[in-house]
There are 4 protein chains.
Amino acid sequence: MVDTILEAAAGVLAERGYAGTSTNLVAERAGVSVGSVYQYFPNKDSLVHALHERHAGQMFQVIEAVLGTGPRVTLRGHIEAIVRALMAAHLVEPRLHRVLEQELPFFDVPKADDSPSDKGILVRIRQLLELHQAEIVPQDVQLTAWVIQRILESMVHAAVLEPPPGFSMPVIERAIVDAVMGYLGAR
Amino acid sequence: MVDTILEAAAGVLAERGYAGTSTNLVAERAGVSVGSVYQYFPNKDSLVHALHERHAGQMFQVIEAVLGTGPRVTLRGHIEAIVRALMAAHLVEPRLHRVLEQELPFFDVPKADDSPSDKGILVRIRQLLELHQAEIVPQDVQLTAWVIQRILESMVHAAVLEPPPGFSMPVIERAIVDAVMGYLGAR
Amino acid sequence: MVDTILEAAAGVLAERGYAGTSTNLVAERAGVSVGSVYQYFPNKDSLVHALHERHAGQMFQVIEAVLGTGPRVTLRGHIEAIVRALMAAHLVEPRLHRVLEQELPFFDVPKADDSPSDKGILVRIRQLLELHQAEIVPQDVQLTAWVIQRILESMVHAAVLEPPPGFSMPVIERAIVDAVMGYLGAR
Amino acid sequence: MVDTILEAAAGVLAERGYAGTSTNLVAERAGVSVGSVYQYFPNKDSLVHALHERHAGQMFQVIEAVLGTGPRVTLRGHIEAIVRALMAAHLVEPRLHRVLEQELPFFDVPKADDSPSDKGILVRIRQLLELHQAEIVPQDVQLTAWVIQRILESMVHAAVLEPPPGFSMPVIERAIVDAVMGYLGAR
DNA sequence: GATGAATGAGCATTCATTCAT
DNA sequence: AATGAATGAATGCTCATTCAT
């Protein structure tokens, strides 16, 4: 039931935007009654929030998966894989992601568990940077990770939602990787 | 009159966010009647769009002014000046900018195409790149300008609205310049 | 417009009680739109409150009129006139009064003006008692007025809404007067 | 079970008023499911009516107890005992009584006819009056009992819920007794 | 009997927009 | 042009009630 509602909400949100999404519409789309929506979500915003959490979790797992692939030795290889994975994930339902991510950045930590694997994307990037600290120019890992996070987020979104006309995705992808690597001074 | 209304709208928008802004409230704040608002703006969204346009225009002028300063020889010098000017411009009314840049696209279903001012900025950046083409690595000026515009926009906004804790503005500013220059391979 | 709405509200309230009264219904009954109701009354309760004020004002005027009649010399004569007037006023729209008065007592002071004539019913009763202090047994005018207020209010309501079976109004009226006079020890 | 539910309903009603009381809340407070509430009470109103009935029953028993005490010879002694007992009973849970006696009829469109307990009280008062018929002035016992019941009810409620400022309970109690005795002409 | 998830009619309230003055 | 009272569709949300388990 929760899933049915979330799926319906995702659809309505993608099609009509936040303002155009009403709880009654979501319920109708889900084939349940409004009351059932409110049984599981205290208000409209919590619905969107849940969708958001779900997406943030997915993005986190995408990055986890990429970084866990093991012997992908070079830094550039890692960055390439991350960018490719993020792009792929965002191309699935771009409309929904636009709505979702323009409210809150997708880098939000999904949960604050104690499990060491749940520290969020920012931590993962920092770990990656520390692993390759010898190869990169900026010395403050904290600040550098913040910058990279911004670059990745804004460019992946822009690439999916309003790509510069006349360039193929692989070319754009490469430009994003270049931007990150250029900043790291590790071209 | 148009200006009075826009000013009022800017105030209300900054104070109460998009959802909290009503045409009646704007009219009251402007000291005119709702009818007068509708005399000049066909609907609520056109009001907000006008504000957005105004902001984009201001940013364009800021860049124009910087690039027109003449004998600022180095590329890094230009970039530094642009970043500094953008930061300064955004620090003036951060609350309004937050609404304009974070909330507006969220509530505004049909994604407004790039405004003329945005296009203008893109052109200016391209011109700057062409002027210094010898010093930079990426060869496609069009794509490079697009990337740089993304980086500038997202990082300036992030710096103003949610700066990484523990870093001073000059440090952050420098990081943004480094990111751009790094991408250009012209560190 | 305000009056149209109040009239409609009075009708709906009398027919369906407080819980059964909806702002939309009132608007429909008044032949205006809900929006217009909210133009003049900030919320549902304020509607009921306004009706209440109106009624309290009417009751106050009824009493004013009676006591101002001048040379009605005896205390009993005054009390009789008051009871008769209150009964008459309540027999007009008993259903509405029931709803109105079971929420707040009808003795509420209508307004707290500076005008000496606007001190409320309680004050009027006290004045009457002071005028005839020689004839009555209870000595504390304040407390006595409070008791009489209670007796009048509860018995007039009861007489109109659930009269004891088998007794005519004049008989009941007389019983109320007897109760008041008996308490005053001035039978 | 029925009692658990009624107890929970009394608590919720006292704390949150009629409008703030929902069957789900009562069920939760009682530690049972809504379904179980509906097993014993066909609807929300029947719950509140049951509570009302219970209260009326308690008042009846209070009066029974007082009048059954036997050799309390004088009429005034009986009235005093009744008033004192009623006051004591109402001081126990004034908030619940306020809801039951002020809010309930306001929300409850069809005026419930006098409950059997109310009738019982009326009968008891009549018996008392008949016992002392020689001492009292009003001759119609039926009407006189009705008047006294009104006076007792309204004044005890008023004394508990909105006592006149500056008077102690014993003084107020005495005033109530005086009112009843005065009406009976047996001061 | 007991449960509680599901229902959905209904409600108070908002606000962009219109149009007679 | 300017006004602002009037509009009414639409929204988020509640809660008494049902019924399959």
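Refer to the preceding data block for the structure.
None of the values given here were measured: they were computed from a predicted structure.

This part covers the relation of the copies chain D and chain C. With an RMSD of 0.6 Å, the fit of chain D onto chain C corresponds to turning through 178° and sliding 0.2 Å along the axis. Such values leave the two copies arranged in the relation of a two-fold axis. In this assembly the copies share their binding face: 79% of the residues contributing to the interface of chain D also contribute to that of chain C.

This paragraph deals with the packing of helix H7 (residues 121-131) of chain A against helix H8 (residues 141-161) of chain A. Helix packing geometry: the angle between the two helix axes and the distance between the axes. Residue and element names in this part refer to chain A. Where H7 contacts H8, the axes come no closer than 9 Å and their chain directions differ by 120°. Accordingly, the angle class assigned to the pair H7 and H8 is oblique. Pair H7 / H8 crosses with right-handed handedness. Every residue of H8 that contacts H7 at Leu122, Ile125, Arg126, Leu129 and Glu130 is listed here: Val141, Gln142, Thr144, Ala145, Trp146, Ile148, Gln149 and Leu152. Of the residues assigned to the contact of H7 with H8, the class counts are eight nonpolar, three polar and two charged.

Looking now at the protein's contact with DNA strand F. As a matter of local geometry, DNA strand F sits amid 32 residues, with Ser36(B), Tyr40(B), Ser36(C), Tyr40(C) and Thr23(D) nearest to it. Among all atoms of DNA strand F positioned within 4 Å of the protein, those belonging to sugar or phosphate total 59%. Between DNA strand F and Tyr40(C) there is a distance of 2.2 Å, counted from a phosphate oxygen to a side-chain nitrogen or oxygen. Breaking the surface near DNA strand F down by element, the ones donating at least two residues are helix H2 (23-30) and helix H3 (34-40) of chain A, helix H3 (34-40) of chain B, helix H3 (34-40) of chain C together with helix H2 (23-30) and helix H3 (34-40) of chain D. The residue inventory of the surface near DNA strand F, partitioned by class, reads 12 nonpolar, 18 polar and two charged.

On to the nonpolar core, then. Counting 82 residues, the largest nonpolar core has Ile176(A), Leu184(A), Leu152(B), Ile176(B) and Leu184(B) as its most contacted members. Leaving out residues up to four positions away in the same chain, Ile176(B) has contacts with Val83(B), Met87(B), Leu152(B), Met155(B), Val156(B) and Ala159(B). Residues Phe60(C), Ile63(D), Leu128(D) and Leu143(D) belong to the second largest nonpolar core, which totals 81 residues.

Moving on to the interface of chain D and chain C. Each partner contributes to the interface: chain D provides 33 residues, whereas chain C provides 34 residues. With both chains or domains summed, chain D and chain C bury close to 2,900 Å², and 72% of this area falls on carbon and sulfur atoms. Summed over the shared surface of chain D and chain C, the result is zero salt bridges. Seen at the junction of chain D and chain C, the total is one residue pair in polar contact (both at pLDDT 80 or more). Elements that contribute at least two residues to the side of chain D that touches chain C include exactly helix H6 (94-107), helix H8 (141-161) and helix H9 (169-184) of chain D. A total of 10 residues in the side of chain D that touches chain C trace back to one element, the largest contributor, which is H8(D). Tallied by class, residues from the side of chain D that touches chain C come to 20 nonpolar, five polar and eight charged.

Criteria and cut-off values
Residues numbered from 1 in each chain as written. Chains lettered and ligands numbered in written order. Predicted model: local features only at pLDDT ≥ 70, side-chain atom pairs only at ≥ 80, totals over all residues. Heavy atoms only, no water. Least-squares fit on C-alpha atoms with pLDDT ≥ 70 in both. Contact = heavy atoms within 4.5 Å. Axes fitted to C-alpha atoms, helices over the stretch in contact; angles between N-to-C directions. Helix = DSSP H or I, 4+ residues; strand = E, 2+ residues; numbered from the N terminus. Parallel < 35°, antiparallel > 145°, perpendicular 65-115°, else oblique. Left-handed = near helix turned anticlockwise from the far one by under 90°. Nonpolar A, V, L, I, M, F, W, Y, C, P; charged D, E, K, R; others polar. Near = heavy atom within 4 Å. Polar contact = N/O pair within 3.5 Å; in protein donor to acceptor, adjacent residues only side chain to side chain. Core = buried A, V, L, I, M, F, W, Y, C linked by side-chain atoms within 4.5 Å. Buried < 20%, exposed > 50% of the residue type's maximum accessible area, 1.4 Å probe, protein only. Buried area = accessible area lost by both parts, 1.4 Å probe. Salt bridge = Lys/Arg side-chain N within 4 Å of Asp/Glu carboxyl O.

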